[in-house]
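Structural characterization, general
Residues per chain, in single letters:
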Amino acid sequence: MTAWHVVLLASIVCFGLKVLGYLVPARIIERPAPARTVDLLTVALLAALISLQTFAHGQQLQLDARLPAVLVAAILFALRVPFIVVIVAAAVVAAGLRALS
Amino acid sequence: MRSRDAEDTRAYRAALAVGLPTAAYGISFGALATVGAGLDVWQTMVLSLVMFTGGSQFALVGVLASGGLSAWPSAVASAALLGSRNAVYAIRMSPVVGRGFARRALAAHLTIDESTAVSSAQQSPRAQKIGFWVTGLVVYVGWNLTTFIGALLGDLLGDVSAYGLDAAAAAAFLGLLWPRLAKLQAQAVAVAAAFVAALLTPVLMPGLPVLVAALVALVFGATNWLGSRRPRLGEAS
């Protein structure tokens, strides 16, 4: 697999999922359990990715400037600060702490 | 007649208010894809042009960034799992979009969080249509422009961590997650999944911890543990 194969395969799969939705009869997803599971799947995946982006260094766990940066981001999101401002703030906190240490 | 115009205007406003800021963070995606995951500018652009679903795009480059190209099965699976919610959105948007092959194919491509959310928030069928198409098109054009800028900037930046871009990636995911944490059940799933992913990282192949953490959602979803007992009818999600 080259990077191109991965990019094209994943893109086609994701587009295919969108098309699939337009082919499926509506009643399938209106049952509560599948609808709930799809919502929760998104939550679980995002939380897992945040966890790895914050703590993982290769296959090791590591506490560094990323954790305070993510905590600052959480506080700013709670205060309803716009997305792009929060991202920049998180980058600045992490870069600042690294520059100081 | 008057009230219909007012409703249309509201739909256009909502589309721009949601679409423009969303499009802006394509810059962080472009930079992460090139610098973090080592993709070139054209591969990055194909993701935004063809895949066009932010969560999946971030997931793909996130797994590739930490696990390398050998983690591709997990990278593709993570992108697909995150993209599965678009299939649900598509089912909801199907009556809004209407008939015709070309129209439905284009609609499928624009079926994402933002277009579905803005459309669902409108009252009349006409305003729902406007909300869907305008939001989808604004995000599509904007997201691809900013991805391109981010990818070019990323090439110039070099080492990501010195600029805090790795922390910015985590913050970007947090921004996607935040609006979904209103309910106790979602909060419990998020915390459990984060723990599972972190604890499995030293023992499993790169990429797999994310997929195992997804099982948390299946358990909560099937049992409705900590969920509300009331039926979901008429409830916004």
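Just so it is clear, the structure is predicted and the values come from calculations on it, not from any experiment.

**Things to note about the domain arrangement of chain B**
All names here are of chain B. Here chain B is partitioned into domain 1 (2–178) and domain 2 (181–237). Domain 1 and domain 2 are separated by 22 Å when their C-alpha centres are compared. Counting from both sides, the interface comprises 11 residues of domain 1 and, opposite them, eight residues of domain 2. Only helix 4 (54–67) and helix 5 (72–97) provide two or more residues apiece to the side of domain 1 that touches domain 2. The biggest single contributor to the side of domain 1 that touches domain 2 is helix 5, with five residues. In the side of domain 1 that touches domain 2, the residues fall into seven nonpolar, four polar and no charged.

**Digging into the packing of helix 5 of chain B against helix 7 (residues 113–120) of chain B**
Geometry of a packed helix pair, given as the angle between the helix axes and the separation of the axes. Residues and elements named next belong to chain B. One can describe the packing of helix 5 onto helix 7 by two numbers: an axis separation of 10 Å at closest approach and a directional angle of 50 degrees. Looking at the two axes, helix 5 sits oblique to helix 7. Viewed along their axes, helix 5 and helix 7 form a crossing whose handedness is left-handed. Taking contact as the criterion, the partners of Tyr89, Arg92, Met93 and Val96 in helix 5 are, on helix 7, Thr116, Ser119 and Ser120. Looking at side-chain class alone, the contact of helix 5 with helix 7 contains three nonpolar, three polar and one charged residues.

**What about the packing of helix 2 (residues 26–36) of chain B against helix 9 (residues 165–177) of chain B?**
All names here are of chain B. Axis separation between helix 2 and helix 9 bottoms out at 11 Å; the angle between their running directions is 130 degrees. Taken together, the axes of helix 2 and helix 9 lie oblique to each other. As for the relative orientation of helix 2 and helix 9, their crossing is left-handed in sense. Residue-level inspection shows Ser28, Ala31, Leu32, Val35 and Gly36 of helix 2 in contact with helix 9, the latter providing Leu165, Ala168, Ala169 and Ala172. Looking at the contact of helix 2 with helix 9, its residues break down into seven nonpolar, two polar and no charged.

**Quick word on the interface of chain A and chain B**
Interface size, as often reported, equals the accessible area lost upon joining of the parts. Taken together, the 66 residues of chain A in the interface contact 84 residues of chain B. If you tally residues by element for the side of chain A that touches chain B, the top one is helix 3 (residues 32–55) of chain A, at 23 residues. Partitioned by chemical class, the residues of the side of chain A that touches chain B number 52 nonpolar, nine polar and five charged.

Basis of the calculations
The residue numbers shown here count from 1 along each chain, following its written sequence. The order in which chains are written sets their letters, starting at A; the order in which ligands are written sets their numbers, starting at 1. Residue-level local features of this predicted model are given only where pLDDT is at least 70; pairs of side-chain atoms are given and counted only at 80 or more, and the full residue set underlies all totals for whole chains, interfaces and linings. How far each domain reaches was decided by an automatic or database domain assignment. What counts as a contact here is a pair of residues whose C-beta atoms, placed from the backbone, lie within 7 Å. Strands here mean DSSP runs of E at least two residues long; helices mean DSSP runs of H or I at least four residues long; both are numbered from the N terminus. Residues are grouped as follows: Ala, Val, Leu, Ile, Met, Phe, Trp, Tyr, Cys and Pro are nonpolar; Asp, Glu, Lys and Arg are charged; every other residue, Gly included, is polar. The axes are straight lines fitted to the C-alpha atoms, using for helices just the contacting stretch, and the angles between their N-to-C directions are given from 0 to 180°. An angle counts as roughly parallel when it lies under 35 degrees, as roughly antiparallel when it exceeds 145, as roughly perpendicular when it falls between 65 and 115, and as oblique in every other case. For any pair of crossing helices, the crossing counts as left-handed if the nearer helix is rotated counterclockwise from the farther one by less than a right angle, and right-handed if it is rotated clockwise.

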